[in-house]
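# Examining the three-dimensional arrangement
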Amino acid sequence: MATCTDTFQFNSEEMFKLLQRCLPDDLTRTQNLIEACDDILFAWNSQDNHLLTLNWRAARSKGGSVKFQTLIPSASLPFTVNRIAPSVDGNFVAVSGNRGVALLELPRRWGTNGLYRGDGKENIICRIHILDDRLFTNNTHLEVLQVKWHPGSPTGSHLIVLLSDNSLRVYHEDILKHVWRVGPMPRMGVSNGSTLPSLSDLGDTAVDFDIAPPRVSPLVPLGDGTASESSILSVSSQMRQKVEWPIVILRGNGNIYTLCAGLNTKKPKLQGPLTITPPNSDNYGHSSCSVLIIPSLPPCVVISESIGRIHHALLLEVDEEEAGQDAFDLVDLSIALSPSEWRLQVLETVELELGLPQNAESKSHFCPIQLRRDLATESRYFAYHNTGVHAIFLEFLKQLHDFAEAPDEECAEPCVANVSRAEYILCTKALNVSQVNPVLGFTLLQSPAGLAVLLGSGQVVSLNLITDPNVLIDLSRETKQRSAQSGDAVSPQKKYFADSIESRIVAILKAGLSQPLLKLNKSAEPTPQELLELLMHATQTLREQYFPRHEKCRQELKKRVEILQVLHRQQLEEIQELRMEKKRIRDNAENLAGKYEDMYERQQSLFRRAQEVARLVTLLAPSTLADEKEFAQQVEQISVATKQLAKQLEAAKGKMNKNQQQIEVWEKQNDEKKLTLPPKREEVLKKILGDMKSEINNQVMEIKQLNRMLDM
């Protein structure tokens, strides 16, 4: 059965039951022994040095029928693991401790449940690569401070390791690619016969780093950048742009440095320390422990201190003149520093409540705070530590986003007056109890969104999360904007009822401090005095924080009820008046309908009388003149004659058409007639005609002779 503190039912899984029996020996500091990558949940078995995996989505949907798998490293680890980090593509898991780092190769997945090797084998031996084993063997003081996968790796297998000697080591799988110096080598001292870093150098050592969004550097030559005048044209054709990832490095004294480097950069430039504004006397903390970059626009830098303070700052670019005026840290004279291209603008400082104090004068707990970014939304991140888990909501990022999306003509300085808030989700330390229940693992789940926390007592806390908390804020803002745009003049009553009673109650009950889930270490029973103090603290919190708000809610509800009752009485009176007005209007309508019928009848009578008068006037009109009558008779005769002529013309046209058709028939028949003679007759006629022709010719000749004789 799912409980309010275990909505994903992880405590009932066999993997976590085994994990409760195999917790690490050191239960005094925060670790990270569980992680999630897509639908696979990883957990480290500290007693057997095995990696446990579970497809938590399939296990949740199929009710526990999906079993967990155990990945056994092929070689034993020479260090104690306190942190695991799976790669984004799910091919490797980086396991690290204070004295070493190793890469565990993951087998392939297939099948219906997405298990490793598809067959669901319980134990799988996996190849492991121990990174720089001799380096830690030869340097007993060297420690691993942070391990992160590079987000710009094309293969997803580039790992960056921060060591206590102020160096970043970049690995491509098990191959060391680069060693980047981020500070001076710590000076060594002798204490109790052992070689340890001097306490004066602790503030000069990098304690954490994070990677900011990439940028494209200006055009640089492919070679060394030198060229003569005759070869400028050829060199310009070999220019290229380089993608750089700014690595933000935090030191224990609160100073921030940046290292702009790509995956192939051999000697990147170390810039810093960054100018932090507004200035602070303690440089925003001498107990800094972790840094987080939120990829907003501009990027937001989160710096945490072990005393429970968290600073929110914006990473802003500076001009070249401002960069040249930055002062260098005198401690870093042993390494090459470049002017910083950025500066930090601190917006606010958030105080976290580390445990439930006994009273207002009680000192807060002191422990390192680890930060985790929420990949689902930029406006939220999480902080986990020895005393529990906090969720911090960045209210100003929404305003920065609106400022960046606004048109140029509307650009003005953004207002970031909204104060961020921190909610204490899980508390593992109450009052001044010496025993703590640290967080041994913290991870975020996706689809559905949630979080899972492994405590030092072996308990697992899993809670659902809202994917984007800004959605509720945006909806309320849009409602207010629509109500403001609906009309210029709004009555006080509409203003009062613009917000629903639910939103007003939620706004009133929104506590100034959060009341977290309490999960204490049950290894030792608290004393009756401690239980009484815890009860008194809870009672005082309820009396001071919750009861007044509920009383205010009661008054608000009472006020709303009284107003609604007055409005109800007014509406009843208005309804009665409307009914009387309706009756009066109905009576008037009936009277008007009767009058209309009378007027309509009178109108019809007058119309009939007017028609009769017009007829009588026409009959009694004087006779027409004789000329007009004669002209009318002529017109009538012409009309009759015209009609007769038209008929005769039509008859003549018909006869003409008929004659024409007959002529065409006759012509056609004459064309078809042909005189034909028998061949013998034809020959006789030809002979007769020939004889007649010859006789005619003879006669003509005789006549011509006679004419000549007469002329003589």
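Now for a look at the structure at hand. (Residues numbered from 1 in each chain as written. Predicted model: local features only at pLDDT ≥ 70, side-chain atom pairs only at ≥ 80, totals over all residues. Heavy atoms only, no water.)

### Considerations on the overall build of the chain
Rules: A run of H or I in DSSP becomes a helix once it reaches four residues, and a run of E becomes a strand once it reaches two; helices and strands are each numbered from the N terminus. Summary of the burial criterion: residues with accessible area below 20% of their type's maximum are buried, those above 50% are exposed, and those between are partly exposed, where the area comes from a 1.4 Å probe applied to protein chains only. Here a residue-residue contact requires only that any non-hydrogen atoms of the pair lie within 4.5 Å.
Secondary structure summary: the chain contains 12 helices and 38 strands in total. Burial statistics for the chain: of 712 residues in total, 38% are counted as buried. A separation threshold of at least 6 residues defines the contact pool for the chain, and within that pool the share at least 24 residues apart is 62%.

### Overview of the sheet that holds strand β12 (residues 144-149)
Pairing between sheet strands relies on hydrogen bonds along the backbone, with the strands arranged either parallel or antiparallel. Our working definition: The pairing criterion is simple: DSSP has to find at least two bridges between the two strands. Lines are fitted to the C-alpha atoms to define the axes, a helix being fitted only along its stretch in contact, and any angle between axes, read from their N-to-C directions, falls within 0 to 180 degrees.
Read from one edge of the open sheet, 4 strands run β12-β13-β14-β15, paired in antiparallel fashion. Whereas interior strands pair on both sides, the edge strands pair on one side only; in this sheet they are β12 and β15 (175-181). Taking the axes of each pair of neighbouring strands and ignoring which way they run, one obtains an average angle of 20° across the sheet. Of the strand pairs in this sheet, strand β14 (residues 167-172) and β15 are connected by 6 bridges, and their pairing is antiparallel. Its bridge partner lying in β15, Ser167 is registered against Arg181.

### With respect to the side chain of Asn437
As a reminder of what qualifies: Throughout this description, a polar contact denotes any pair of N or O atoms lying within 3.5 Å of each other; where both atoms belong to protein, one of them has to be capable of donating a hydrogen while the other can accept it, and for residues adjacent in sequence the pair is counted only when both atoms sit in side chains.
With respect to the helices and strands, the residue Asn437 is situated in the loop between β34 (421-427) and β35 (439-445). Of note is the side chain of Asn437, whose polar atom sits 3.1 Å from the backbone nitrogen of Gly456. Of note is the side chain of Asn437, whose polar atom sits 2.8 Å from the backbone nitrogen of Ser457.

### Things to note about the nonpolar core
To keep it simple, the criterion reads: Among buried residues, those of type Ala, Val, Leu, Ile, Met, Phe, Trp, Tyr and Cys that are joined through side-chain atoms within 4.5 Å constitute a nonpolar core.
With 25 residues, the main nonpolar core has Phe10, Met15, Phe16, Leu19, Leu41, Leu52 and Leu445 as its most contacted residues. For this core, the secondary structure elements donating two or more residues are α1 (14-21), β1 (34-37), β2 (40-45), β3 (50-55), α2 (56-61), β35 and β36 (450-455). Per-element tally for this core: the top contributor is α1, with 4 residues. Beyond its immediate chain neighbours, meaning those up to four positions away, Met15 contacts Leu41, Ala43, Leu52, Thr53, Leu54 and Phe68.

### Notes on the pairing of strand β5 (residues 83-86)
The side-chain alternation of β5 yields two buried faces, one formed by Arg83 and Ala85 and the other by Ile84 and Pro86. Both β5 and strand β6 (residues 92-97) contribute to a ladder of 4 bridges, which runs antiparallel. Opposite Ala85, over in β6, you have Ala94 as the bridge partner.

### Remarks on the packing of aromatic side chains
Convention followed: Ring pairs are drawn from Phe, Tyr and Trp, using the six-membered ring of Trp, whenever the two centres fall within 6.5 Å, and their geometry is named by plane angle: stacked under 30 degrees, edge-to-face over 60, tilted for the rest.
A complete count under the given rule lists 7 aromatic pairs for this structure. With a centroid separation of 5.7 Å and 20° between ring planes, the pair formed by Phe8 and Phe10 is classed as stacked. Accessibility expressed as a relative area gives 3% for Phe8, which makes it buried. Looking at Phe10, the relative accessible area reads 2%, which means it is buried.

### With respect to the environment of Ala102
Mapped onto the secondary structure, Ala102 falls in strand β7 (residues 100-105). Residues Ala102 and Phe79 lie 23 residues apart in sequence; the distance between their C-alpha atoms is 9.6 Å. Apart from residues no more than four positions distant in its own chain, Ala102 is found in contact with Leu77, Phe79, Val93, Ala94, Val95, Ile128, His129, Ile130 and Leu131.

### Concerning the pairing of β36
Among the 6 residues in β36, 6 count as buried, and that is most of the element. Judged by which residues are buried, β36 turns out to be covered on both faces: Gly450, Ala452 and Leu454 on one side and Leu451, Val453 and Leu455 on the other are all buried. In this antiparallel pair of consecutive strands, β35 and β36, the connection spans 4 residues, and Ser447 shows a positive phi of 55°. Hairpin connection from β36 to strand β37 (residues 460-464): 4 residues lie between these consecutive antiparallel strands, with Gly458 at a positive phi of about 95°.

### A look at the pattern of salt bridges
Put simply, the test is: A side-chain nitrogen of Lys or Arg and a carboxyl oxygen of Asp or Glu constitute a salt bridge if their distance falls within 4 Å.
Under the definition given, this model contains 17 salt bridges. With its nearest N and O atoms 3.9 Å apart, the salt bridge here joins Lys17 to Glu14. Of the two residues, Lys17 and Glu14 both sit in helix α1, 3 residues apart, roughly one turn of that helix. Taking the relative accessible area as the measure of exposure, Lys17 reaches 35% and is therefore partly exposed. Arg215 serves as the salt-bridge partner of Glu341, at 2.5 Å between the closest nitrogen and oxygen. Pair noted here: Glu341 is in the loop between β29 (337-338) and β30 (342-351) and Arg215 is in strand β19 (residues 215-216), with a separation of 126 residues, a long-range link. On the basis of relative accessibility, which here comes to 30%, the residue Glu341 falls in the partly exposed class. Connected via shared salt-bridge partners are Arg215, Glu244 and Glu341.

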